[in-house]
Amino acid sequence: MKSLDPRVNRLNLSQTSEGEVHTNTHLVTWEVFHQEKRGKQAVHVGIVHASTPEMALILAKEQFARRGRTANLWVARTSDIYTFRTDDEDMFATVPEKLFREPAAYKVRERIEKFQQQNKC
Amino acid sequence: MYGSTNLTEQDAKRMSDTSAEDPQKLAEFEDRIARGEKIEPDDWMPAEYRRQLIRMIEQHAHSEIVGALPEGTWITRAPNFRRKLALIAKVQDEIGHGQLLYSAAETLGKTREQMLDDLLNGRSKYSNIFNYPAKTWADIAVIGFLVDGAAIVNQVINSKGSYGPYCRALERICYEESFHLKQGHDNFVYLATGTKQQREMLQDAINRWYRPLLHFFGPPDHLSAHSEKLMKWKVKLASNDDMRNQFLDQYVPKILELGLTLPDPNLRKNADGRWEFSDPDWEEFKRVINGDGPCNKERLAVRRYAELAGRWVREALMKPNDTYKVPLA
């Protein structure tokens, strides 16, 4: 094979064996969390493949901190993260109805004014 | 053709048959997509939706890492230090985009390693345009400006799709691609406004890349297998001809304003806004995609070399007791 790339020619790639290739390595994935500034939350941004936390951090830095601002990165093994099932989302459905948890649900001004009128204070 | 959704006849037939799916779940799924909701990895989805998405995202990922090869060959020969730094940064971005896309596809249940195997064994494709050589430095200007421009047209459209992880990856990718486009345009304009020799080199590169660029968005609509399902499921969001037209609309004026030409006497914009052009030889497109292009063998040989030469490193890194779990999002 005569390539236009001098590096490819130096590699003598025609010597590489033909036939099926099976990638025998299968690294686990790590979920990556990016913190933009000190004092802000870390936000999930994606995954990297790695065999140790150190390697995961290096790859996360290359992948998710190439641009913009970064204060820190967190990584956690995907298998160490527990979540609800997505189709259980309806368990959160009644939250908006629970107005007794909201400050806006407590209005006493009218009651105070009515009391003041009745008692002429 | 980055996230190519060109179907074979067989695929199109399989897509139209959803009789194996639970009709109620299928209806709920289609309602969610129609409402503009995103589908996430552990949501219910039809088997064909999963299959087509894996195929498309995987091809897109392969295109990123194979696409870095023609440009990577010019890093050692960049004309000055600033261009060299920009090219290194761009090539690193492309590999990063490949990783983001492999990760998005992995959430659908196919591991990155299986995808890399399929690339090397020829079972899955990458964008045809990377089977052409980058002969001179002007090719790098054309790739950085026009090939990336075409890719952005495709990627911006695809980022409005229905699969959450793919959309999020594409948003990050599009943000970085805007740097690729700007540095490509800068390089392009410098050559176009440079010496006679630089202009000639650039014109020659444009002439060679014109047809592959028309091929980029896939065969014309009247020659490709269709699937209403892919459109309905928001896997494909615009037809090949519509994307090609949008590309010509955006980029032809930017080439002509520099006094450069395109090697096609029939290229013109009609009153209805559609671009007309000569047949870019779809037989050649087919030949190249089936393996008989100028660089197909070299591209795969380089990937195969990287795989085999780096194997001992990856083996040394393996932790046999780690339990694999499909990534979350």
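Right, let's walk through the structure included here. Keep in mind it's a predicted model, so treat the numbers as computed, not measured.

1. With respect to the overall build of chain B
- The helix and strand tally for chain B stands at 13 helices and 2 strands.
- Here the C-alpha atoms of chain B give a radius of gyration of 20 Å, agreeing with the 20 Å that 2.2 N^0.38 yields for 329 residues.
- Dimensions of chain B, computed from C-alpha atoms along their principal axes, come out at roughly 65 × 60 × 35 Å.
- The buried share among the 329 residues of chain B stands at 57%.
- Look at the contacts in chain B between residues 6 or more apart in sequence, and 80% of them connect residues 24 or more apart.
- Here chain B has roughly 14,300 Å² of accessible surface; of this, 55% comes from carbon and sulfur atoms.
- Here chain B contributes 46 positively and 48 negatively charged side chains, and the mean placements of these two sets differ by 3 Å.

2. Regarding the interface of chain A and chain B
- On the chain B side, the residues contacting the 43 residues of chain A number 50 residues.
- Per-residue buried area on chain A facing chain B is highest for Val 21, His 26 and Arg 67 of chain A; these three make up 15% of the total on that side.
- Here chain A and chain B share 5 salt bridges between them.
- Ionic pairing is found between Asp 93 of chain B and Arg 66 of chain A, a salt bridge with its closest N-O pair at 2.8 Å.
- Across the contact surface, chain A and chain B share 13 residue pairs in polar contact (both at pLDDT 80 or more).

3. What about the nonpolar core?
Residues and elements named next belong to chain B.
- In this structure, Tyr 49, Phe 188 and Leu 202 are the most contacted members of the largest nonpolar core, which totals 97 residues.
- With 14 residues, helix α6 (residues 137-158) is the single largest residue contributor to this core.
- Contacts of Tyr 49, omitting those with residues within four sequence positions, involve Phe 29, Ile 33, Ile 39, Ser 162, Tyr 163, Trp 233 and Val 235.

4. Quick word on the pairing of strand β2 (residues 42-50) of chain A
Residues and elements named next belong to chain A.
- When strand β1 (residues 28-35) meets β2, the two strands line up antiparallel, connected through 8 bridges. Residue His 34 lies in a different strand from β2, and its bridge partner there is Val 43.
- Counting the residues in the hairpin turn of β1 and β2 gives 6 residues, including Gly 39, whose phi is positive at 95°.

5. Looking at the pairing of β1 of chain A
All names here are of chain A.
- Across the 8 residues that make up β1, a large majority, 7, are buried.
- Judged from the 6 bridges that link them, β1 and strand β3 (residues 72-77) form a sheet pairing that is antiparallel. Counted as the bridge partner of Glu 31 is Ala 76 from β3.

6. Brief notes about the environment of Ala 78 of chain B
All names here are of chain B.
- Its location among the elements puts Ala 78 in the loop between α3 (47-72) and α4 (81-106).
- When its relative accessible area of 16% is taken as the criterion, Ala 78 is described as buried.
- Here the alpha-carbon distance between Ala 78 and Ile 88, two residues 10 residues apart in the chain, equals 9.9 Å.
- For Ala 78, the residues in contact, after removing those within four places along its chain, are Arg 83, Lys 84 and Trp 137.

7. Focus: the environment of Leu 267 of chain B
Residues and elements named next belong to chain B.
- Looking at the element boundaries, Leu 267 is found in the loop between α10 (240-256) and β1 (268-269).
- In this structure the C-alpha to C-alpha distance between Leu 267 and Gly 144, which are 123 residues apart in sequence, comes to 23 Å.
- Those residues in contact with Leu 267 that lie beyond four places of it in its chain are Tyr 210, Val 252, Leu 262, Trp 275, Glu 276 and Phe 277.

8. Regarding a nonpolar patch on the surface
- A contiguous nonpolar surface patch, about 410 Å² in accessible area, is contributed by Phe 84, Met 91, Phe 92 and Val 95 of chain A.
- Structurally, Met 91 of chain A can be placed in the loop between β3 and α3 (109-119).

9. Regarding empty space enclosed by the protein
Residue and element names in this part refer to chain B.
- On inspection of all chains with the given rule, the structure shows 6 cavities of 30 Å³ or more.
- In this structure, the largest cavity encloses a volume near 100 Å³.
- When contributions to the lining of the largest cavity are tallied by element, the ones reaching two or more residues are α8 (196-215) and α10.
- The element contributing the most residues to the lining of the largest cavity is α10, with 5 residues.

10. Some words on the sheet that holds β3 of chain A
Residue and element names in this part refer to chain A.
- An order of β2-β1-β3 is seen for the 3 strands of this open sheet, with the pairing classed as antiparallel. A single partner strand is all that each edge strand has here, and the edge strands are β2 and β3. With direction set aside, neighbouring strand axes in the sheet form an average angle of 30°.

11. So, unusual backbone geometry
Residue and element names in this part refer to chain B.
- Although it is not a glycine, Lys 234 sits at a positive phi angle of roughly 55°.
- For Lys 234, the location among the structural elements is in the loop between α9 (228-232) and α10.
- For Asp 281, which is not glycine, the phi dihedral falls at a positive 70°.
- Mapped onto the elements, Asp 281 comes out in the loop between β2 (275-276) and α11 (282-289).
- Owing to a relative accessible area of 25%, Asp 281 belongs among the partly exposed residues under this scheme.

12. A word on the side chain of Thr 107 of chain B
All names here are of chain B.
- Tracing the backbone through its elements, the reader meets Thr 107 in the loop between α4 and α5 (112-120).
- Judged by its relative accessible area of 4%, Thr 107 is buried.
- Leave out the neighbours within four places in its chain, and Thr 107 touches Pro 41, Tyr 163, Pro 165, Val 326, Pro 327 and Ala 329.

Rules behind the numbers
- Residues numbered from 1 in each chain as written.
- Chains lettered and ligands numbered in written order.
- Predicted model: local features only at pLDDT ≥ 70, side-chain atom pairs only at ≥ 80, totals over all residues.
- Heavy atoms only, no water.
- Helix = DSSP H or I, 4+ residues; strand = E, 2+ residues; numbered from the N terminus.
- Rg over C-alpha atoms; globule rule 2.2 N^0.38 Å.
- Buried < 20%, exposed > 50% of the residue type's maximum accessible area, 1.4 Å probe, protein only.
- Contact = heavy atoms within 4.5 Å.
- Areas by Shrake-Rupley, 256 points an atom, 1.4 Å probe, with all protein chains shown as cover.
- Lys, Arg positive; Asp, Glu negative; His and termini not counted.
- Charge placed at Lys NZ, Arg CZ, Asp CG, Glu CD.
- Buried area = accessible area lost by both parts, 1.4 Å probe.
- Salt bridge = Lys/Arg side-chain N within 4 Å of Asp/Glu carboxyl O.
- Polar contact = N/O pair within 3.5 Å; in protein donor to acceptor, adjacent residues only side chain to side chain.
- Core = buried A, V, L, I, M, F, W, Y, C linked by side-chain atoms within 4.5 Å.
- Pairing = 2+ DSSP bridges.
- Patch = residues over 30% accessible without salt bridge, like charges linked within 9 Å, V, L, I, M, F, W, Y side chains within 5 Å.
- 1 Å grid on protein atoms, 1.4 Å probe; cavity = no way out; pocket = protein on both sides within 12 Å on 5 of 7 lines; lining within 4 Å.
- Points joined across faces, edges and corners; volume = space filled by probe spheres on them.
- Axes fitted to C-alpha atoms, helices over the stretch in contact; angles between N-to-C directions.

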